[in-house]
Amino acid sequence: MLTHDQIWNALDRLAERAGLSASALAKRAGLDPTTFNKSKRITPDGRERWPSTESVAKALTATGTTVDTFVQFIEDTARSVQAVPLLGFAEAGTGGYFDDGGFPVGKGWDEVGLPSVNDEHAYALEISGDSMKPAYRDGDVIIVSPGSPIRRGDRVVVKTKDGEVMVKELKRRTAKVIELQSLNPAHKDRVIDAKNVEWIARIVWASQ
């Protein structure tokens, strides 16, 4: 007998395979963006809410996935998937989503099932716009690990004390400055005073 968790986990696998968040999968399928969100899976009175056959069919069509493959997703329980908080990149610069150390806090986060990472504080950001091409495209999801060590050459998310959030490659880091290389050649590299950086965290995975 199919369980509620099996069906929803299979939809999370479907989204992951397509390099999408649950909300992005719903949008691609022509559905309301919240159709597959975690918050929609349980009713306000605590009952399990199942996805409709029509919504599943539209998601399969939108991603070019066969029913047989979806059944494999349901049956495959060996693969490790971690539910991590998900936020749109454009929202990351606003207040209330991170503490001073760059760890996710507060409400308003969605959730997405992605490959497990060794950081209980890891979170996902959904890229919007084309400013990070060719490295990341609109709709890509990146996993950020605030607990991972950062080395030269790593791709990182940086938030300044002015509220600016950016994705760059770390070129050099000293006690006084952080030198960042842009992923898009059309955008300039940045040199930021260390005292003006609120936090910096390493990108450990991207859906591509």
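All values reported here derive from a predicted model rather than from experimental measurement. (Residues numbered from 1 in each chain as written. Predicted model: local features only at pLDDT ≥ 70, side-chain atom pairs only at ≥ 80, totals over all residues. Heavy atoms only, no water.)

*Asks:* Describe the domain arrangement of the chain, listing the residues and the values that go with them.
*Replies:* Accessible area lost on assembly of the parts is the figure often given for the size of an interface. Taken domain by domain, the chain holds domain 1 (4–79) and domain 2 (83–206). Taking only C-alpha atoms into account, the centre of domain 1 sits 27 Å from that of domain 2. In this complex, domain 1 contributes 11 residues to the contact, which on the side of domain 2 involves 12 residues. It is Glu16, Ser21 and Lys38 in domain 1 that bury the most area against domain 2; as a group they hold 53% of the surface buried on that side. (Domains from an automatic or database assignment. Contact = heavy atoms within 4.5 Å. Buried area = accessible area lost by both parts, 1.4 Å probe.)

*Asks:* Pulling in residues and values, what's your account of the side chain of aspartate 140?
*Replies:* Locating aspartate 140 in the fold gives a position in the loop between strand 3 (123–126) and strand 4 (141–145). A relative accessible area of 4% places aspartate 140 in the buried class. Looking at aspartate 140, its side chain comes within polar contact range of the main-chain nitrogen of arginine 137, at 2.7 Å. (Helix = DSSP H or I, 4+ residues; strand = E, 2+ residues; numbered from the N terminus. Buried < 20%, exposed > 50% of the residue type's maximum accessible area, 1.4 Å probe, protein only. Polar contact = N/O pair within 3.5 Å; in protein donor to acceptor, adjacent residues only side chain to side chain.)

*Asks:* Which residues make up the nonpolar core, and what values go with them?
*Replies:* In terms of nonpolar packing, the biggest core is built from 21 residues, with Phe98, Leu125, Tyr136, Ile142, Val157 and Val167 touching the most fellow members. Contributing elements (two or more residues each) for this core: strand 3, strand 4, strand 6 (165–173) and strand 9 (197–206). If we skip the residues at most four places from it in the chain, isoleucine 142 touches Tyr123, Ala124, Leu125, Ile127, Tyr136, Val157, Val167, Ile203, Trp205 and Ala206. Residues Leu25, Leu60, Phe73 and Ile74 belong to the second largest nonpolar core, which totals 20 residues. (Core = buried A, V, L, I, M, F, W, Y, C linked by side-chain atoms within 4.5 Å.)

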